[in-house]
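This is what each chain is made of:
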Amino acid sequence: MNEGFKKYKAFQPIYLPDRTWPNQRITQAPIWCSVDLRDGNQALVNPMNLEQKLLFFRMLTKIGFREIEVGFPASSETEYEILRALIEEGEIPEGVTIQVLVQAREHLIRKTFEAIRGAKNVIVHFYNSTSTLQRKVVFEASMEEIVAIAVEGARLIRQLTEEERKKYGTNIRYEYSPESFSGTEMENAVLICDRVLEELGATPKEQVILNLPNTVELATPNVYADQVEYFCRHLRYRDSALISLHPHNDRGTATAATELGLMAGAARVEGTLFGNGERTGNADLMNLAMNLYSQGIDPKLDFSNMNHIRRVYEESTQIKVSPRHPYAGELVFTAFSGSHQDAINKGVRYMAKHPSPYWEVPYLPIDPADLGRQYEPIIRINSQSGKGGAAFVMQQTFGYTLPKAMHGEFGALVKKACDAAGRELSAAEVFDIFKKEYLTVSSPYHLLTYKIFAKDEGSGEVTVDFEGSVRYDHCTRQISGKGNGPIDAFFHALNTLGLTQYQFVSYSEHAVSSGADSKAVSYIQLRRGQETVFGVGIDSNISIASIKGIICAINRKEGQKQKAI
Ligand code: KIV
Ligand code: ZN
């Protein structure tokens, strides 16, 4: 047996039996801060160049981000130059605040203030690690020494800010992160943050952002929420702080950790699109925003052009979004299973019949159209698809509403084609099957000419005459019949050909647009002995469409008989 697990210790949660966060609900969007261009970018094999960062930055502002961490300008010349370009080329729109990250170290802080010169609104985000483990194995420093680093950093930042404000009128706000907050003793996290708030002169009017990184996700999301609640409750200058979350995704639960952290008192979230970031990534802001959206809450971010956003992301990061990625993946609005397809089909029909302001389609938590996606790929046809799936594609993609009784017959034809192909079929292939089976069958009976006229018999009774010619067995035959309607008259005319074994079962029709004009499509179900068969007819005249539907059904049955012979 692999005993490797024995080298790991379970994370010790804090004691918070009177936690209140489980009873809270998220009722509004938090303040979002994108860290794509810093945390996301530093985790790329090939970090973005100026052009790519600009493109991404513009996209983020279009989505609606008002706070964007654009880099770590003191970390490299490239980062510095990119920030200068953003400022000097007037790329930062009105109302957007750029955020810059810096370690709490003097020369880096000074360089950062040089880098932001000329910007209008800036958040200076400084950090040092407070982690229990790092204090032991990396810094070999006491907590007092760690607090001193943060406090000295805060002092210098405040001094440089005041100078900058005076000289250039820059609107500078402060953010401090006790890096690895969740891996720090909570009393130490509270202690260092209170000292930083004091040093920065934070007030309820001029709050400092305290960002609580789950730098490495070490425990279940509820444990992070307990830490956030504990922190908020014990912070001496709580009113002077805006609590921000910065979850990473090592356990794959960053979305949950963020949501529970918001319930525990945070008002701001840092993360990235699609969760790009160090190791397993950061919290996915798109996922979080769309989760709010699906609960009827305005996320204040716009993902209605999801395909475009995904494309820019993939090109800039060289990372592919998984086909199963919530809301954005290629397959997330696709149902392969027959029962899911049927339920979606029914849900869409229900919505069309019962106008309601709410989305009520099973298996689709949100309307794909809200993300700029289409219904067409919702249902894909493979051998596991049910009869409803093929009918759904015919309706949604091509506008043919097959009667319910026909779903089984057509579904079986599609399933057979799927099995033969050994793969999924596209919507166009489904239509091809329909065309081949129902729209292009013209043998053994080929209707050459047809005429229908109604006659008033005098007593208010109207009779219909059918006259036409049919090509059958290399001969042309004239046929005629009289009835109480076009279908009845045509049936009588068919007796001329000796086709007496077919009985009419059902009929339905609707308009279908073909090019510029609209035509009628009729679906005819006939019985022969114990078996039923469907035929489809299309014509600008609704009566002729029915007659074509009857001949189609007969041809399909007779064709099968001939094949069997
Ligand atoms: O994950 C982290 O701790 C960070 C900090 C620098 C905020 O990215
Ligand atoms: Zn991070």
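The following refers to the structure shown. (Residues numbered from 1 in each chain as written. Chains lettered and ligands numbered in written order. Predicted model: local features only at pLDDT ≥ 70, side-chain atom pairs only at ≥ 80, totals over all residues. Heavy atoms only, no water.)

With respect to a positive patch on the surface
Item 1. A surface patch of like charges, here positive, comprises Lys346, Arg349, Lys353, Lys387 and Lys404.
Item 2. Summarising the element assignment, Lys353 is placed in helix 12 (residues 338-353). (Patch = residues over 30% accessible without salt bridge, like charges linked within 9 Å, V, L, I, M, F, W, Y side chains within 5 Å. Areas by Shrake-Rupley, 256 points an atom, 1.4 Å probe, with all protein chains shown as cover. Salt bridge = Lys/Arg side-chain N within 4 Å of Asp/Glu carboxyl O. Lys, Arg positive; Asp, Glu negative; His and termini not counted. Charge placed at Lys NZ, Arg CZ, Asp CG, Glu CD. Helix = DSSP H or I, 4+ residues; strand = E, 2+ residues; numbered from the N terminus.)

Description of the site of ligand 1
Item 1. In the vicinity of ligand 1, the contacting residues are Arg38, Asp39, Leu101, His125, Ser177, Glu179, Asn211, Pro213, Thr215, His246 and His248.
Item 2. The contact in question runs from an oxygen atom of ligand 1 to an N or O atom on the side chain of His248, over 2.9 Å.
Item 3. Contact with the protein chains covers 94% of the free accessible surface of ligand 1, which is 260 Å².
Item 4. Sorting the residues of the shell around ligand 1 by element identifies helix 1 (36-42), strand 5 (171-179) and strand 6 (208-214) as the ones contributing at least two each. (Near = heavy atom within 4 Å. Polar contact = N/O pair within 3.5 Å; in protein donor to acceptor, adjacent residues only side chain to side chain.)

Thoughts on the packing of aromatic side chains
The relative placement of two aromatic rings is captured by the distance of their centres and the angle of their planes.
Item 1. Applying the stated criterion across every chain yields a total of 13 aromatic pairs.
Item 2. Here Tyr400 and Phe431 contribute two aromatic rings whose centre-to-centre distance is 5.8 Å and whose plane-to-plane angle is 50°, an arrangement assigned as tilted. Of this pair, Tyr400 sits in the loop between helix 13 (387-398) and helix 14 (404-421) while Phe431 sits in helix 15 (residues 427-439), and the two are 31 residues apart along the sequence. This pair shows no difference in class: Tyr400 is buried, exactly as Phe431 is.
Item 3. Relative to Tyr438, the ring of Phe434 has its centre 5.3 Å away and its plane inclined at 40°; by these criteria the two rings are tilted. With Phe434 and Tyr438 both in helix 15, this residue pair falls four residues apart, about one helical turn.
Item 4. Given a relative accessible area of 1%, Tyr438 falls into the buried group.
Item 5. Among the aromatic side chains, those forming a connected cluster through ring pairs are Phe398, Tyr400, Phe410, Phe431, Phe434 and Tyr438.
Item 6. The ring of Tyr80 has Lys111 lying over it, and the distance from NZ or CZ to the ring centre is 4.3 Å. (Phe/Tyr/Trp six-rings, centres within 6.5 Å; stacked < 30°, edge-to-face > 60°. Buried < 20%, exposed > 50% of the residue type's maximum accessible area, 1.4 Å probe, protein only. Lys NZ or Arg CZ within 6 Å of the ring centre and 35° of its normal.)

These results come straight from atomic positions and should not be treated as a statement about function.
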